[in-house]
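Each chain, written out:
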Amino acid sequence: MRDRRTGFVAEHAHHHVPHDPANEFRATRSTVPGSHATPDDDVRALVGYLTDRPDLQAVVVTEYHLAVLVREADEQVGLRVPQDLSIVCFDHPGRLFDRGSFEFTHIEQDEAAMGTEAVRIARELVADRGRVQRVALETRLVVGGSTVDVRR
């Protein structure tokens, strides 16, 4: 998640858009392994967050399940996605079995390449334990129903 945050903060800077850490919401707990928080707990917290920020126009969410919680909180606050609030998330489950499901605008990772690189790096680490490397793979923006085009 830290890399994802670093990426969108860097993009803010690249496009000369100030990033205000006060607008970050980091209190979701229901998706954290071992947590006893429920999705309802997170939605209540998100409702408070959104209510306190009536000028918020868009959110970037680090994972799909959190985007679902944000959308539920939006509905409780009376916001419409994407007309009132746009949502972009990372990854998205396939729509193969639920073609009627809502599709968020999302960043899609090449999971096959991730697997291939993970095995390659693991083999190299076995051969040379001191070797550490960082690999960046291509991603793709998939436009779904949670954003509007502001370039009109």
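Keep in mind the model is a prediction, meaning the values are calculated, not measured. (Residues numbered from 1 in each chain as written. Predicted model: local features only at pLDDT ≥ 70, side-chain atom pairs only at ≥ 80, totals over all residues. Heavy atoms only, no water.)

Engineer: Outline the packing of aromatic side chains, listing residues and values.
Structural biologist: For the structure on display, the rule yields three aromatic pairs. Ring geometry for Phe 25 and Tyr 49: centres 5.1 Å apart, planes at 55°, overall tilted. A residue pair is termed long-range when its members are at least 10 positions apart, and Phe 25 in the loop between helix H1 (2–14) and helix H2 (39–52) and Tyr 49 in helix H2 qualify at 24 residues. Arranged with centres 5.9 Å apart and planes meeting at 80°, the rings of Tyr 64 and Phe 104 form a pair that is edge-to-face. Of the two residues, Tyr 64 is situated in helix H3 (residues 64–77) and Phe 104 in the loop between strand E2 (86–90) and strand E3 (105–109); the sequence distance between them amounts to 40 residues. We classify Tyr 64 as buried; its relative accessible area is 19%. Look at Phe 104 and you get buried, because its relative accessible area is 2%. Site record: aromatic cluster; members linked through ring pairs are Tyr 64, Phe 102 and Phe 104. Here the basic side chain of Arg 71 rests over the ring of Phe 102, its NZ or CZ set 3.6 Å away from the ring centre. (Phe/Tyr/Trp six-rings, centres within 6.5 Å; stacked < 30°, edge-to-face > 60°. Helix = DSSP H or I, 4+ residues; strand = E, 2+ residues; numbered from the N terminus. Buried < 20%, exposed > 50% of the residue type's maximum accessible area, 1.4 Å probe, protein only. Lys NZ or Arg CZ within 6 Å of the ring centre and 35° of its normal.)

Engineer: Requested: an account of the sheet that holds strand E1 (residues 58–61), with residues and values cited.
Structural biologist: Taken together, four strands build an open sheet; the order of strands is E1-E2-E3-E4 and the sheet is mixed. One side of each edge strand has no neighbouring strand; the edge strands of this open sheet are E1 and strand E4 (139–142). When strand polarity is set aside, the average angle formed by the axes of neighbouring strands in this sheet is 15°. Across four bridges, the pairing between E3 and E4 is antiparallel. Residue pairing for E4: Gln 109 is matched across the bridge by Thr 139. Where H3 meets the sheet, it contacts E1 and E2, and its direction lies at approximately 165° from that of E2. (Pairing = 2+ DSSP bridges. Axes fitted to C-alpha atoms, helices over the stretch in contact; angles between N-to-C directions. Contact = heavy atoms within 4.5 Å.)

Engineer: Give me the lowdown on the pattern of salt bridges, citing residues and values where you can.
Structural biologist: With the rule as written, the count across this model stands at six salt bridges. Between Arg 26 and Glu 24 there is a salt bridge, with the nearest N and O atoms lying 2.8 Å from each other. Salt bridges linked by common partners bring Glu 117, Arg 120 and Glu 124 together as one network. (Salt bridge = Lys/Arg side-chain N within 4 Å of Asp/Glu carboxyl O.)

Just distances and angles here, no functional claims.
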